[in-house]
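Examination of the molecular architecture
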Amino acid sequence: MILLYETADAERNGAFIAEIKRFANVEMVCWDEWDDAGVEQLAEKLIGEIVIWRCRRPLAARYLENNGVRLVNRAEVNRIANDKWLSYQLFLMLGVPAIPTYRTPQQFPCVAKTVDGHGGSEVEIIDSADAWKTFKREVIFQPVIEHSADVRAYVIGDEVVGAVKRSSDNSFKKNFSLGAEVEKFVLDSIKEQEVLKIARAIKVDYIGVDFLLLEDGRHLFNEIEDPVGARSFYQTHEENIAELLVRHVEKKFEDK
């Protein structure tokens, strides 16, 4: 089994990598060459291997899969989770409640996000039609929605293994990496069923599914995270999510 990161991400995720190594005999690979030649070289190195894929590289993931590399998560999960517009289309198709999302601003102020941003980066409230033009990549737009907190549900295989509620009085961004307060959150049956509906639709191994908690008790799905960080999970849960992931991967591939 191989655990694959880009070098900069591996440096930020040393604790999680160490936990994976506690429970599995894995080879650690750091890779930063993402041009055609680099991806071809990586495919030659990984052919026939099971790879825990911790990169946001959907095109590379697809090439690797097409060349006999078994990825966790698979390429289609990486593609949808790293494109907020595609994630929204999935939410609509499944009929789960989601934040209205548009290709162009519908009102001001509104929230502008790059489609492939993560960790709260490249997300801003904008007040005019010209403000979003500072973004360098494709952007989506959402209304500013008052909410008390947001929740990240962690899914491994066909099970919600935990959820974390994130709150902040200082920012509309509720990311743990940006200083949000976190606490364990228990999903009710409706939320759990909807989270699993999303996960099953794209056949995931390990993702985070984020939704807003509104003041009136409703919830709205926001994003899918792959690869998903686990710092807030470790802050709030006794279970070791690295062990849960390793056991899932071992069971999935034990007869293959």
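For clarity, every value in this text was computed on a predicted model and none was experimentally measured.

What counts and how
- Starting afresh in each chain, residues are numbered from 1 along the sequence in its written order.
- Note on the predicted model: pLDDT of at least 70 is required for a residue's local features to be given, and 80 or more for side-chain atom pairs to be given and counted; whole-chain, interface and lining totals, by contrast, use all residues.
- Water and hydrogen atoms play no part in the side-chain values, which are based on all heavy atoms of the structure.
- For Phe, Tyr and Trp, rings pair up if their centres lie within 6.5 Å, where Trp contributes its six-membered ring, and each pair is then called stacked (planes under 30 degrees apart), edge-to-face (over 60) or tilted (otherwise).
- Where helices and strands are cited, they refer to DSSP runs of H or I of at least four residues and of E of at least two residues respectively, numbered from the N terminus.
- Relative accessibility decides the category of a residue: with a 1.4 Å probe and only protein chains considered, values under 20% of the type maximum give buried, values over 50% give exposed, and everything between is partly exposed.
- Residues are said to line a cavity or pocket when one of their atoms sits within 4 Å of a point; the points come from a 1 Å grid over protein atoms alone, cavities being sets where a 1.4 Å probe fits but cannot get out and pockets being open sets with protein on both sides within 12 Å along at least five of seven lines.
- Grid points are joined across faces, edges and corners, and a volume is the space filled by probe spheres set on the points.
- In this count, Pro and Cys sit with the nonpolar residues alongside Ala, Val, Leu, Ile, Met, Phe, Trp and Tyr, while Asp, Glu, Lys and Arg are called charged and the others, Gly among them, polar.
- Structural elements are reduced to axes, namely lines fitted to C-alpha atoms, with helices fitted over the stretch in contact, and the angle between N-to-C directions of any two is expressed from 0 to 180 degrees.
- An angle below 35 degrees is read as roughly parallel, one above 145 as roughly antiparallel, one from 65 to 115 as roughly perpendicular, and any other as oblique.
- Note on convention: near helix rotated counterclockwise from far helix by under a right angle means a left-handed crossing. Clockwise means right-handed.
- Residues count as neighbours in contact if any of their non-hydrogen atoms are within 4.5 Å of one another.
- Every case where a carboxyl oxygen of Asp or Glu lies within 4 Å of a side-chain nitrogen of Lys or Arg is listed as a salt bridge.

1. Section: the packing of aromatic side chains
According to the stated counting rule, one finds six aromatic pairs in the structure shown. Between Trp85 and Tyr88 the ring centres are 5.9 Å apart and the planes differ by 45°, which places this aromatic pair in the tilted class. Remark: Tyr88 and Trp85 occur in helix H6 (residues 84-94); sequence separation between them is three residues, near one turn of the helix. Given a relative accessible area of 18%, Trp85 falls into the buried group. Following the ring pairs from residue to residue traces out a cluster consisting of Phe91, Phe211 and Phe221.

2. Comments concerning empty space enclosed by the protein
Overall, the coordinates contain three cavities of 30 Å³ or more when judged by the stated rule. It is strand E12 (residues 219-225) that contributes the most residues to the lining of the largest cavity, three residues altogether. Taken together, the residues that form the lining of the largest cavity break down as three nonpolar, three polar and five charged. Grouping the amino acids of the lining of the second largest cavity by side-chain chemistry returns six nonpolar, one polar and two charged.

3. A closer look at the packing of helix H3 (residues 36-46) against helix H4 (residues 58-66)
Two numbers describe how H3 lies on H4: the axes approach to 10 Å, and their chain directions differ by 45°. Regarding the angle of H3 to H4, the classification is oblique. H3 and H4 meet at a crossing whose hand is right-handed. Contacts between H3 and H4 involve Val39, Glu40, Leu42, Ala43 and Leu46 on the former and, on the latter, Ala60, Tyr63 and Leu64. Among the residues making up the contact of H3 with H4, the classes are represented as seven nonpolar, no polar and one charged.

4. Observations regarding the pattern of salt bridges
Taken as a whole and judged by the stated rule, the model has 22 salt bridges. Across the salt bridge formed by Glu76 and Arg79, the nearest N and O atoms sit 2.7 Å from each other. Taken together, the residues Glu76 and Arg79, both in helix H5 (residues 75-81) and three residues apart, mark about one turn of the helix. Its salt-bridge partner being Glu122, residue Arg137 comes within 2.5 Å of it at the nearest N-O pair.

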